[in-house]
Amino acid sequence: MSKLPRVSECPASAALPQVEGTDSEYVRVGREFHEFARRCQEFGRADALARVPEDMRYFCESVPETLAYDGAGTEIFCEVAVMLDLKLDKAAVIGYNIGRQYPRAESYQIMGSADLVIVEADRVVVVDYKTGNGYVPSPEKNWQMRALAYALCKIHDKGRALCRIVRVSEDGTVQWI
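Note that the structure is predicted; figures quoted are calculated from it, not measured.

Conventions and cut-offs
- Residues numbered from 1 in each chain as written.
- Predicted model: local features only at pLDDT ≥ 70, side-chain atom pairs only at ≥ 80, totals over all residues.
- Heavy atoms only, no water.
- Disulfide = S-S within 2.5 Å.
- Buried < 20%, exposed > 50% of the residue type's maximum accessible area, 1.4 Å probe, protein only.
- Pairing = 2+ DSSP bridges.
- Helix = DSSP H or I, 4+ residues; strand = E, 2+ residues; numbered from the N terminus.

Draft legend 1. How the structure looks around the state of the cysteines. In the structure shown here, the tally under the stated rule is 0 disulfides. In this structure Cys40 is not part of a disulfide, and its nearest cysteine sulfur, from Cys60, lies 7.7 Å away. A residue is classified by how much of its surface remains accessible, and Cys40, at 19% relative accessible area, is buried. Of all cysteine sulfurs in the structure, the one in Cys163 sits closest to Cys153, which takes part in no disulfide; the separation is 8.2 Å.

Draft legend 2. Up close: the pairing of strand E2 (residues 90–96). Pairing of strand E1 (residues 75–85) with E2, which is carried by 6 bridges, proceeds in the antiparallel orientation. In the sheet register, Asp85 faces E2, and the bridge partner there is Lys90. Linking E1 back to E2 in an antiparallel pair, the connection comprises 4 residues, with Asp89 at a positive phi of about 55°.

Draft legend 3. Representation of the pairing of strand E4 (residues 124–131) within the structure. Among the 8 residues of E4, 6 are classified as buried, and the element is accordingly described as predominantly covered. As judged from the 4 bridges shared by strand E3 (residues 109–119) and E4, these two strands associate in the antiparallel manner. Bridge assignment links Val117 to a residue of E4, and that residue is Val126. Here E3 hands over to E4 after 4 residues, the two strands then running antiparallel side by side. In this structure, E4 lies alongside strand E5 (residues 161–168), joined through 8 bridges in parallel fashion. Looking across to E5, one finds that Thr131 is bridged to Val168.

See the structure below:
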């Protein structure tokens, strides 16, 4: 699902050859931050900081404790991998914390992961953490978030979703979008 924003802006890009598996410093920082955010939710900030690689600690320490969603969630899940079956109009959780190691999909199935999912009484809240300064469409125009929200509403039998992007800049400033 992470390619949906690009493909929605430039459909022809889906047919072009793609470079996979390139690990830049930005990719590593994003990956480590996602793991830190997950551990904050599951184990608390102190434990999460203790497990951050030394060269990333300055960045994670600068992130305020308000990283976590402060709404009234009844259930909170981190790194939720989902499958949306467009043929059957059904969705399912395929795992937690699996990275991007999705099972093989049929042409009518879309796989994706939500960084944080909060199930409230009347809606699902989908949170996507972003590091760096790259362009990210707003939640209402972001096809990745829209597809995740649709799938998660089906999974949790909810009729509404709220999508939020948490932008974490290099100085640790957190902005909820």
